[in-house]
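Given next are the chains, with one letter for each unit.
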Amino acid sequence: VFVFSTLNGLVTGLLLFMLASGLTLIFSMMGVLNFAHASFYMLGAYFAYSISLKLGFWAGLLIAPLLVGAFGALVERYALPRVHAHGHVAELVFTFGLAFLIEEAVQFFWGADTKNYQSPDLLDFPLFTLFGQEFSAYRGFMISISVGIFLMLYYVLTRSRIGIIIQAAITHPHTVANLGHNVPLIFMVVFGVGTALAGVAGVIAGPVLTTFPGMAVVLGSIVFVIVVIGGLGSLGGAFVASLVIGLLQSYAIASNL
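All of these numbers come straight from a predicted model, not from anything done at the bench.

What follows is about the nonpolar core. Membership of the largest hydrophobic core comes to 75 residues, with the highest contact counts inside it found for Y41 and I204. With 12 residues, helix α1 (residues 2-30) is the largest single contributor of residues to this core. With residues up to four places along the chain from it excluded, the contact list for I204 reads L15, M18, L61, Y138, F141, M142 and I145.

Here it is, written out as structure tokens:
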């Protein structure tokens, strides 16, 4: 029970990290606490579900996050600048309203029922069996994707030239602009990448946590707790906090069985 609770806690924690990483990236870059972030996660699941019906799961995994990221970039480009000048309260009200609109749009286009979004047949086998219990290959795949995203983000933000430009734009946007970089474009791309990460989380979580209109509400508040515990704007802190909360949830469930 302890071993499988730990493994399931890792799956949950790393899934939460994929959500929290995008929110942390957006906050550290732009100072925007995006209440609609979990709604982009829900959009990722629904886009992937629709794409998988025609092209299969793997096409959904590739295309759905791009669609979510493009939508997020458009929101940042054409909507957020209009409320940014009015302060954080206006941003919070706007993103809260956006979350409500996305949920209503999901129910309008896909309905209020739970969707039969399935994991790929390629990963429909036990990764290993221990003490008579099986750990699915798909959950192992979720762990691999989450760890890969953490390593990629850490490298890009701390070791690459792109990361240096992004971090410089946070504290010295005018200097970065004078050096010839398009700061508004950087902001738009970062917001798009952050929402695309939420989309990835939705794509891989949909088959496991079920795809339904309330899925954003289930994880939305937890993600904000993770970002606060991990330290606002800290990618490493969000990673550790996600694992801690995921493990605590899993152990709490196991202790009640």
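Structure shown, so let's carry the discussion forward.
For helix α5 (residues 88-110), which comprises 23 residues, the first-to-last C-alpha distance of 32 Å matches the rise-based estimate of 33 Å (1.5 Å per residue) to within 8%. Taken residue by residue, α5 has E91, T95, L98, A99, I102, V106 and W110 as its buried positions.

Relative to the helices and strands, A238 is located in helix α11 (residues 235-255). A relative accessible area of 1% places A238 in the buried class. With 44 residues separating them along the chain, A238 and G194 place their C-alpha atoms 14 Å apart. Sequence-distant contacts of A238, defined by excluding residues within four places in its chain, comprise F17, A20, T24, I226 and G230.

Put simply, helix α2 (residues 37-55) and helix α10 (residues 215-230) touch, their axes get as near as 8 Å, and they point 140° apart. It follows from the interaxial angle that α2 and α10 lie oblique. As α2 packs across α10, the resulting crossing turns out to be right-handed. Between α2 and α10, the contacting residues are A38, S39, Y41, M42, A45 and Y46 on the first element and M215, A216, L219 and G220 on the second.

Glancing now at the pattern of salt bridges. Here the structure, examined in full by the defined rule, presents 1 salt bridge. Put simply, D113 and K115 hold a salt bridge, and the shortest N to O gap is 3.2 Å.

Conventions we followed
- Residues numbered from 1 in each chain as written.
- Predicted model: local features only at pLDDT ≥ 70, side-chain atom pairs only at ≥ 80, totals over all residues.
- Heavy atoms only, no water.
- Core = buried A, V, L, I, M, F, W, Y, C linked by side-chain atoms within 4.5 Å.
- Buried < 20%, exposed > 50% of the residue type's maximum accessible area, 1.4 Å probe, protein only.
- Helix = DSSP H or I, 4+ residues; strand = E, 2+ residues; numbered from the N terminus.
- Contact = heavy atoms within 4.5 Å.
- Expected span 1.5 Å × (residues − 1).
- Axes fitted to C-alpha atoms, helices over the stretch in contact; angles between N-to-C directions.
- Parallel < 35°, antiparallel > 145°, perpendicular 65-115°, else oblique.
- Left-handed = near helix turned anticlockwise from the far one by under 90°.
- Salt bridge = Lys/Arg side-chain N within 4 Å of Asp/Glu carboxyl O.

Spatial relationships are all this shows, so hold off on functional conclusions.
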